[in-house]
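Spelled out from the first residue to the last, the chains are:
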Amino acid sequence: MKCFFVPCLRHRTHRRVDPSSSSSSSSSSPFANGTGTARKFTLAQLSAATGGFRDSNLVGEGGFGRVYRGRLDDHAGGDVAVKKLRHGGAQGAREFLVECTMLTLLHHPNLVSLVGYCAQAHERLLVYEFLPRGSLDAHLFVSPSAAGHHLGWDARVKVAVGAARGLRYLHEAVTPPVIYRDLKPSNILLGSDLSPKLSDLGLAKLGPVGDDTHVSTRVMGTYGYCAPDYAVTGKLSVKSDVYSFGVVLLELLTGRRAFDPGREREEQWLLAWARPHLQQLQQGRRSREAARCLEALADPALQGRYPRRGMYQVAVVASLCLHDKPNLRPTMSDVTKALEHVASKPWSATGGSSANDDRKEQHARSL
Ligand SMILES: Nc1ncnc2c1ncn2[C@@H]1O[C@H](COP(=O)(O)OP(=O)(O)OP(=O)(O)O)[C@@H](O)[C@H]1O
Ligand SMILES: [Mg+2]
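Thresholds, definitions, all that
- By convention here, each chain's residues receive numbers from 1 onward along its written sequence.
- The lettering of chains begins at A and the numbering of ligands begins at 1, in the order of writing.
- In keeping with the model being predicted, local features are shown solely for residues with a pLDDT of at least 70 and side-chain atom pairs are shown and tallied solely at 80 or more, while totals for entire chains, interfaces and linings include all residues.
- UniProt positions are given in the numbering used here, feature names are shortened, and annotations may be inferred rather than shown by experiment.
- Put simply, DSSP H or I for four residues or longer makes a helix, DSSP E for two residues or longer makes a strand, and each gets a number counted from the N terminus.
- To sort residues by burial, count the other C-beta atoms lying within 10 Å of each one's C-beta; a count of 20 or more means buried, 12 or fewer means exposed, and anything in between means partly exposed. C-beta atoms are built from the backbone.
- Contacts here follow a simple rule: the backbone-placed C-beta atoms of the two residues must lie within 7 Å.
- Joined through C-beta atoms within 7 Å, a set of buried Ala, Val, Leu, Ile, Met, Phe, Trp, Tyr and Cys residues constitutes a nonpolar core.
- Fitted lines through C-alpha atoms serve as axes, helices being fitted only where they are in contact, and the angles separating the N-to-C directions of these axes extend from 0 to 180 degrees.
- Comment on the angle field: the value is read as roughly parallel under 35 degrees, roughly antiparallel over 145, roughly perpendicular from 65 to 115, and oblique elsewhere.
- Crossing handedness is defined as follows: a turn of the near helix away from the far one that is anticlockwise and smaller than a right angle gives a left-handed crossing, while the clockwise case is right-handed.
- We call a residue near a molecule or strand when its C-beta atom, built from the backbone, sits within 6 Å of it.
- Three categories are distinguished: nonpolar for Ala, Val, Leu, Ile, Met, Phe, Trp, Tyr, Cys and Pro, charged for Asp, Glu, Lys and Arg, and polar for the others, with Gly belonging to the last.
- Paired strands are those between which DSSP finds at least two bridges.

Per an unreviewed UniProt entry, the recorded name for the chain is Protein kinase domain-containing protein, and the organism is Urochloa decumbens. Comment text from UniProt for the chain, heading Subcellular location (unreviewed entry), reads "Cell membrane". If you open the UniProt record of the chain and go to Sequence similarities (unreviewed entry), you find "Belongs to the protein kinase superfamily. Ser/Thr protein kinase family."

Focus: the overall build of the chain
Each helix and strand counted, the chain has 11 helices and 14 strands in total. Put simply, the chain has 367 residues, and 42% of those count as buried. Put simply, of all contacts in the chain between residues at least 6 apart along the chain, 65% involve residues at least 24 apart.

Comments concerning the nonpolar core
Grouped together as the largest cluster of nonpolar side chains are 94 residues, with contacts concentrated most on V127, A160, L249, L253 and A315. In contact with L253, not counting residues within four places along its chain, are L297, A298, D299, M311, V314, A315 and A318.

Things to note about the packing of helix α6 (residues 238-254) against helix α9 (residues 308-321)
Between α6 and α9, whose axes approach to 7 Å, the crossing angle comes to 150°. Classed by the angle they form, the pair α6 and α9 counts as roughly antiparallel. Handedness of the crossing formed by α6 with α9: left-handed. Within the contact between the two elements, α6 uses V242, Y243, F245, G246, L249, L250 and L253 and α9 uses M311, V314, A315, V317, A318 and C321.

Observations regarding the environment of C293
With respect to the element layout, C293 can be found in helix α8 (residues 288-297). The spacing of C293 and Q280 is 13 residues in sequence and 7.3 Å in space, taken between C-alpha atoms. Excluding its chain neighbours within four sequence positions, the residues that come into contact with C293 are H277, Q280 and L281.

Focus on the site of ligand 1
Close to ligand 1 lie 20 residues, the nearest being G60, G62, G63, A81 and S186. Those elements that provide at least two residues to the shell around ligand 1 are β3 (58-61) and β5 (79-85). Among the elements that make up the shell around ligand 1, the one with the highest residue count is β3 (three residues). Of the residues assigned to the shell around ligand 1, the class counts are nine nonpolar, eight polar and three charged.

Structural notes on the sheet that holds strand β2 (residues 39-40)
Judged by pairing direction, the sheet is mixed, and its six strands sit side by side in the order β2-β6-β7-β5-β4-β3 without closing on themselves. Both outer strands of the open sheet, β2 and β3, are each paired with one neighbouring strand and no more. By the bridge criterion, two bridges tie β2 to strand β6 (residues 114-120) in an arrangement that is parallel. Directly across from K40, in β6, lies its bridge partner Y117. Along the sheet, helix α2 (residues 89-105) contacts β5, β6 and β7 (123-129); its crossing angle with β7, the most-contacted strand, is approximately 30°.

Quick notes on the pairing of β3
Note that β3 and strand β4 (residues 65-71) share three bridges and pair antiparallel. Looking at the pairing, L58 lines up with Y68 of β4. Between β3 and β4, which follow one another and run antiparallel, lie three residues.

Quick look at the UniProt feature "binding site: ATP" (unreviewed entry) in the chain
In the numbering used here, UniProt assigns the feature "binding site: ATP" (unreviewed entry) to K84. With respect to the element layout, K84 can be found in strand β5. A residue is classified by how many C-beta atoms lie within 10 Å of it, and K84, with 20 of them, is buried. Filtering out sequence-adjacent residues up to four positions away, K84 remains in contact with F53, G65, R66 and L125.

Structure, rendered in structure tokens:
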């Protein structure tokens, strides 16, 4: 990895970072708890690990190429995910380089770990830790009958908190900040206990330093998640990620995709459909109208099993993240704190008392 050049990327020591974060456990090393190196594999080693890139080992395919499950006997945990770059020209090569560089230097429990890479002749492959539950979209956008896939309220909040911590780390624990630029459910991978990890840093960009609030760059990312200010002006800031995070939060609440061509025309864009409900919620939680909006927003797959207060709080956080003006969007620290608060009141601990909550509220209103 010696050939990769990253200007002065270092962990900040003056900001409070996630206490559970590996990077906060030692402030003496700039890349604490990380080796700062990635293992170099030969194509033959990775071919052997994946059974010759056998179709039965294929776990997914994205814009970069195919992803295979593999096994490395000398790797702790054994299983790895091997991503094989489709011959994708300069952009593919750039993303490979950025991904290798970022994941070699950055380490956090909510960021996927890079085990190594292969750059042999024209072949480019990336080797990651294997996340057994795959990506969030495979759980969120499935029919409720898909056994073992459905995510309940507490799991959704857990995913939201973990993803928020991962973004907070990128924005606030390293200097210059790293702007992820590609937050979406298919890039949030889930561990066996549903703890999420951000993956795919190929589009990540170093953020501004000093008093600058943004960097100017070519617009990249995924349709539906891109902040309108960035899409129009090319001015990229950490607040562009905050906007994308707002979209993902809405997806978690509603079970709807940011853009779904399979829906009626007026419901295809999640934001356009949800905006009137979110605006109504900002007026307050206690009106009958607000209760109706919450019900309209909630994913039917949840079958009403969620705390009304928690749903309201997450919807308000999403709404703030989606503010048109980037400077009025919250920081990922603020977002993380708010979501941690929601997570501290799990639905499971209430014994599923959402109906009781409502009755108590009605009682309070009638007093
Ligand atoms: N480390 C991993 N562990 C387990 N599964 C993985 C891992 N990385 C990727 N996958 C699987 O491979 C799929 C494809 O991932 P990939 O990142 O290549 O594309 P994508 O995110 O779906 O699309 P895009 O190219 O737009 O980012 C994922 O949806 C996931 O199911
Ligand atoms: Mg991806």
